[in-house]
Amino acid sequence: MSMRTLPLLFLNLGGEMLYILDQRLRAQNIPGDKARKVMNDIVSTMFNQKFMEELFKPQELYSKKALRTVYDRLAHASIMRLNQASMDKLYDLMTMAFKYQVLLCPRPKDVLLVTLNHLDAIKGLIQDSPTILHQVDETFRQLTDIYGGLSAGEFQLIRQTLLIFFQDLHIRVSIFLKDKVQNSNGRFVLPVSGPVPWGTEVPGLIRTFNSKGKEVKRTEFKHGGSYVAALKEGSLELYGDRVLKLGTNMYSVNRPVETHMSAASKNLASRTQESIVPNPLAKEELNLLARLIGGMEIQKPSGPEPGFRLNLFTTDEEEEQAALTRPEELSYEVINIQATQDQQTNQELVRIMGEFEITDQSRRSASKGDDWLAMMDEL
């Protein structure tokens, strides 16, 4: 497991979340001033300096439920509100889109280019706010400084960590199904055409060398695909050409998007509920999660600002039906942690988290200890 995976996972999922919210805000004809406020507030919270400092510290990935908690708080960082079913659908779309992008990366290092594509597009969503643009640019510099010099092996470990995180998610998405890049069982179709990874040759040739390293034979074979050589490597510059299109906004054209759980995914989810077996690391993850959320700075409106509800479904009836039909084990119980940059609030949060320490007396009571672990696993 790579300790450098969390920032890439968070920023790419966050970028997909912003794409989806932007599309739904336009589809529901939300007034321009409200839509801009929502996007600015979420991006400002997402790229807050203290939050980024916590995010970029080397650490293991959070569980799916813990990470979902962060995005639930992030999505509600402004005047917009989402019902449970819409938040579920939003998170499903985010995770499946990024999973698809990770699978299709020609080489492991290209996941960094996918991340930069997301940051480039995010800047396009908040062009009217120089302060927030500066926040995004600072994160861009952190990314290139930390990840620009990593070896191919380190990126391979990052990609493997991401694929382990996504391996049990097989949610069908209408866009992917219509474009025939996803099968009816929720699994993606990998292409056998297009450019090969930068620095590699088009398959079809076997070279044989002797003991002195001299080429003595060439044999051609049919590879069954339609590959071409990569013309150039994607740029890591602030305004460079990424070349790779993965991670760009696929909702720029207004298209209805639906998600469906396949029967296999429902059965698999039933067998792999995270709350069945107590996790001894749950308390530590809760502390890390609290510290991460504690870095979020929510900008409270200076005056009364009427909120509004955003629906990720076409109609309210569809949203209500989705809430009724979603498997109970896949519903997320979100922790409502009130934490800001205020020092006193953060100290209070630390004190509350400290109360979860397991004392010697509690260890002597096995049933009580099991109850605490079970409670923490449910978070």
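Keep in mind that this is a model prediction, so the values were computed, not measured.

Cut-offs applied
Residues numbered from 1 in each chain as written. Predicted model: local features only at pLDDT ≥ 70, side-chain atom pairs only at ≥ 80, totals over all residues. Heavy atoms only, no water. Salt bridge = Lys/Arg side-chain N within 4 Å of Asp/Glu carboxyl O. Helix = DSSP H or I, 4+ residues; strand = E, 2+ residues; numbered from the N terminus. Buried < 20%, exposed > 50% of the residue type's maximum accessible area, 1.4 Å probe, protein only. Core = buried A, V, L, I, M, F, W, Y, C linked by side-chain atoms within 4.5 Å. Contact = heavy atoms within 4.5 Å. Expected span 1.5 Å × (residues − 1).

**Q** I'd like a description of the pattern of salt bridges, backed by residues and values.
**A** The tally for this structure, following the rule as stated, stands at 13 salt bridges. For the salt bridge of Arg68 with Asp88, the shortest nitrogen-to-oxygen distance reads 2.9 Å. Taken together, the residues span a long stretch of sequence, with Arg68 in helix H4 (residues 64-75) and Asp88 in helix H5 (residues 84-104) at a distance of 20 residues. In this structure Arg68 comes out as buried when scored by relative accessible area, which is 1%. Within this structure, Glu201, Arg207, Glu215 and Arg218 form a network of salt bridges that share partners.

**Q** Tell me about the nonpolar core, residues and numbers included.
**A** Counting residues in hydrophobic clusters, the biggest one holds 83 residues, and the most contacted among them are Phe10, Tyr71 and Leu90. With residues near it in sequence (within four places) discarded, Tyr71 still touches Leu9, Phe10, Leu13, Gly14, Met17, Met87, Tyr91 and Met94.

**Q** Could you give an account of helix H7 (residues 130-147), with specific residues and numbers?
**A** Residue pairs three or four apart in sequence face the same way in an α-helix, which turns once every 3.6 residues. In this model, H7 (18 residues) spans 25 Å end to end at C-alpha, consistent with the 26 Å of a helix rising 1.5 Å per residue. Those residues of H7 that fall on the buried side of the exposure criterion are Ile132, Leu133, Gln135, Val136, Asp137, Thr139, Phe140, Leu143, Thr144 and Tyr147. Turning to H7, the residues buried within the fold contact helix H1 (6-27), helix H2 (32-46), helix H3 (49-55), helix H6 (110-125) and helix H8 (152-166).

**Q** How would you sum up H2? Please name residues and give values.
**A** With 15 residues, H2 ought to run about 21 Å at 1.5 Å a step, and its terminal C-alpha atoms sit 21 Å apart, in line with that. Looking at H2, one finds that the buried residues are Ala35, Val38, Met39, Asn40, Asp41, Ile42, Val43, Ser44, Thr45 and Met46.

Function cannot be read off these values alone, since they describe shape.
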